[in-house]
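Notes for the structure review
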Amino acid sequence: MRIDIVTLFPSMVEPVLAESMIGRARKAGLVDIRVVNLRDYATGRHRITDDYQFGGGGGMVLKPEPLFAAVEALRTPAAHVVLMDPRGPRFTQAVAAALAQREHLILLAGRYEGVDERVSEMADETVSIGDYVLTGGELPALVVTDAVTRLRPGVLGAEGAAERESFASGLLEPPQYTRPEEFDGRRVPAVLLSGDHARIARWRRVQALWRTWRARPDLLGGAELDAADRRILERFERGETADDVEPAATEREGHGRDSTR
Ligand code: ADE
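**Points about the overall build of the chain**
For the chain, the count of helices and strands is 11 helices and 10 strands. For a compact globule of 261 residues, the expected C-alpha radius of gyration is about 18 Å, and the chain comes in at 24 Å, more than 25% above that figure. By its C-alpha atoms, the chain is 80 × 45 × 35 Å across when sized along the principal axes. By residue count, 43% of the 261 residues in the chain fall in the buried class. Within the chain, contacts between residues separated by at least 24 positions form 74% of all contacts whose residues are at least 6 apart in sequence. Accessible surface for the chain amounts to roughly 15300 Å². Of this, 50% is attributable to carbon and sulfur atoms. Looking at charge distribution, the chain has the averaged site of its 35 positive side-chain charges lying 3 Å from that of its 41 negative ones.

Below, the structure is given as structure tokens:
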């Protein structure tokens, strides 16, 4: 897969792409990411890329010609052009999964107050990474590149690792712990040390449901839920907590805690 990021600020984008999983994926040849300087496609002595807005109103607008010229130069038969724009449809895991199927993405990072409307007409798709306005499309383009790259085969290592994670089932992830078992008086939930894999799976599922129900109830409508999950959600609705449904304490601890009540 190839991803071209067209930006006026390559140095804002490059270092991020050199690090961690994406840096490794690039070195391994799993993804070909190129950062393209929009100014290289501007003409004239001053290589101007922005201009005043027709109709008045403050703010500079990115001119169409350099963006069209950049896209024409980069285009392949498989190219899919995506404009970063806070007015676009929301970027979600489903959009990332769809983009990850493509062979070639051209991501256009806007700047200043906006981009000439003819550029969004030329783009195949527009995406917003959230309901807030950033100073430009560089961070959004990096967000899209990261979310898409990690879905490509081989990038995360273990086969299908991405699929097991948050949002794949439509629920938020359950809590995770590593050593030490006790840190500053805070203990890892005993269930995770119990070795009882069925119970651990149940506990994780209840925690995922609990977190999603509390923090992101809007996700529950699109989540893959079975009858048992629905019964658990009904218990939350009645005022029970995750710990009521599937206690984190082991049998022995559970009794100990009850006796001190
Ligand atoms: N450019 C500025 N803000 C943005 C956002 N939230 N999403 C995509 N592009 C943007």
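There is more to say after this.
**So, the side chain of glutamate 138**
As for its placement among the helices and strands, glutamate 138 is situated in helix H6 (residues 138-149). Leaving out residues up to four positions away in the same chain, glutamate 138 has contacts with Thr7, Leu8, Phe9, Met12, Val13, Ala109, Gly110 and Arg111.

**Details of the domain arrangement of the chain**
By the assigned domains, the chain splits into domain 1 (2-149) and domain 2 (166-261). Between the C-alpha centres of domain 1 and domain 2 the distance comes to 40 Å.

**Considerations on the site of the ligand**
In the region of the ligand, the neighbouring residues are Met84, Asp85, Pro86, Val127, Ser128, Ile129, Gly130, Tyr132, Val133, Leu134, Gly136 and Pro140. Take aspartate 85: an N or O atom from its main chain is 3.1 Å from a nitrogen atom of the ligand. Between the ligand and the protein, one listed contact pairs a nitrogen atom with a backbone N or O atom of isoleucine 129 at 3.0 Å. The residue makeup of the shell around the ligand, split by class, is eight nonpolar, three polar and one charged.

**Looking at the pattern of salt bridges**
Tallying each qualifying case throughout the model produces 15 salt bridges. A salt bridge links arginine 202 to glutamate 246; its shortest N-O distance comes to 3.1 Å. Of this pair, arginine 202 sits in helix H8 (residues 197-215) while glutamate 246 sits in the loop between helix H10 (242-245) and helix H11 (251-259), placing them 44 residues apart in sequence. A salt bridge links arginine 235 to glutamate 240, with the shortest nitrogen-to-oxygen separation between them at 2.8 Å. Here the salt bridges do not stand alone but share partners, grouping Glu181, Glu182 and Arg187 into one network.

**Quick word on helix H2 (residues 20-27)**
All of the buried residues in H2 are Ile22, Gly23 and Ala25. Relative to the axis of H2, the buried residues are bounded by an arc of 165 degrees and lie together on one face. Along H2, exposed side chains directed more than 90 degrees from the buried face belong to Ser20, Arg24 and Lys27. Looking at the packing, one finds that the buried side of H2 touches helix H1 (10-18), strand E2 (32-37) and H6. Directly beyond the C-terminal end of H2, a positive phi value near 75 degrees is found at glycine 29.

**Some words on the sheet that holds strand E8 (residues 125-127)**
Read across the open sheet, the five strands follow the order E2-E1-E6-E5-E8; overall the sheet is parallel. Two strands lie at the open edges of the sheet, namely E2 and E8, each paired on one side alone. Geometrically, the sheet is characterised by an average inter-axis angle of 25 degrees between neighbouring strands, direction not taken into account. Here six bridges tie strand E1 (residues 2-7) to E2, and the two strands are oriented parallel to one another. By the bridge assignment for E2, threonine 7 is matched with asparagine 37. Against the sheet, H1 touches E1 and E2, its axis set at about 165 degrees to E2.

**Topic: the sheet that holds strand E7 (residues 114-115)**
Strand pairing in a sheet is mediated by backbone hydrogen bonds. Such pairs are either parallel or antiparallel. Spatially, three strands are ordered E3-E4-E7 in an open sheet, and the strand pairing comes out mixed. Of all strands in the sheet, those bounded by a partner on one side alone are strand E3 (50-52) and E7. The pairing of strand E4 (residues 60-62) with E7 spans two bridges and is parallel. By the bridge assignment, leucine 62 is partnered in E7 with valine 115.

**A closer look at the confidence of the model for the chain**
Should the pLDDT be low somewhere, the predicted coordinates at that spot are not to be read in detail. Residue-level pLDDT values for the chain average 93, and 92% of them are 70 or greater. Contacts from residues 256-261, a stretch scored under 50 in pLDDT, to residues over four places away or in other chains number one contact.

Cut-off values and rules
- Residues numbered from 1 in each chain as written.
- Predicted model: local features only at pLDDT ≥ 70, side-chain atom pairs only at ≥ 80, totals over all residues.
- Heavy atoms only, no water.
- Helix = DSSP H or I, 4+ residues; strand = E, 2+ residues; numbered from the N terminus.
- Rg over C-alpha atoms; globule rule 2.2 N^0.38 Å.
- Buried < 20%, exposed > 50% of the residue type's maximum accessible area, 1.4 Å probe, protein only.
- Contact = heavy atoms within 4.5 Å.
- Areas by Shrake-Rupley, 256 points an atom, 1.4 Å probe, with all protein chains shown as cover.
- Lys, Arg positive; Asp, Glu negative; His and termini not counted.
- Charge placed at Lys NZ, Arg CZ, Asp CG, Glu CD.
- Domains from an automatic or database assignment.
- Near = heavy atom within 4 Å.
- Polar contact = N/O pair within 3.5 Å; in protein donor to acceptor, adjacent residues only side chain to side chain.
- Nonpolar A, V, L, I, M, F, W, Y, C, P; charged D, E, K, R; others polar.
- Salt bridge = Lys/Arg side-chain N within 4 Å of Asp/Glu carboxyl O.
- Arc of directions from axis to C-beta.
- Pairing = 2+ DSSP bridges.
- Axes fitted to C-alpha atoms, helices over the stretch in contact; angles between N-to-C directions.
- pLDDT = per-residue confidence, 0-100.

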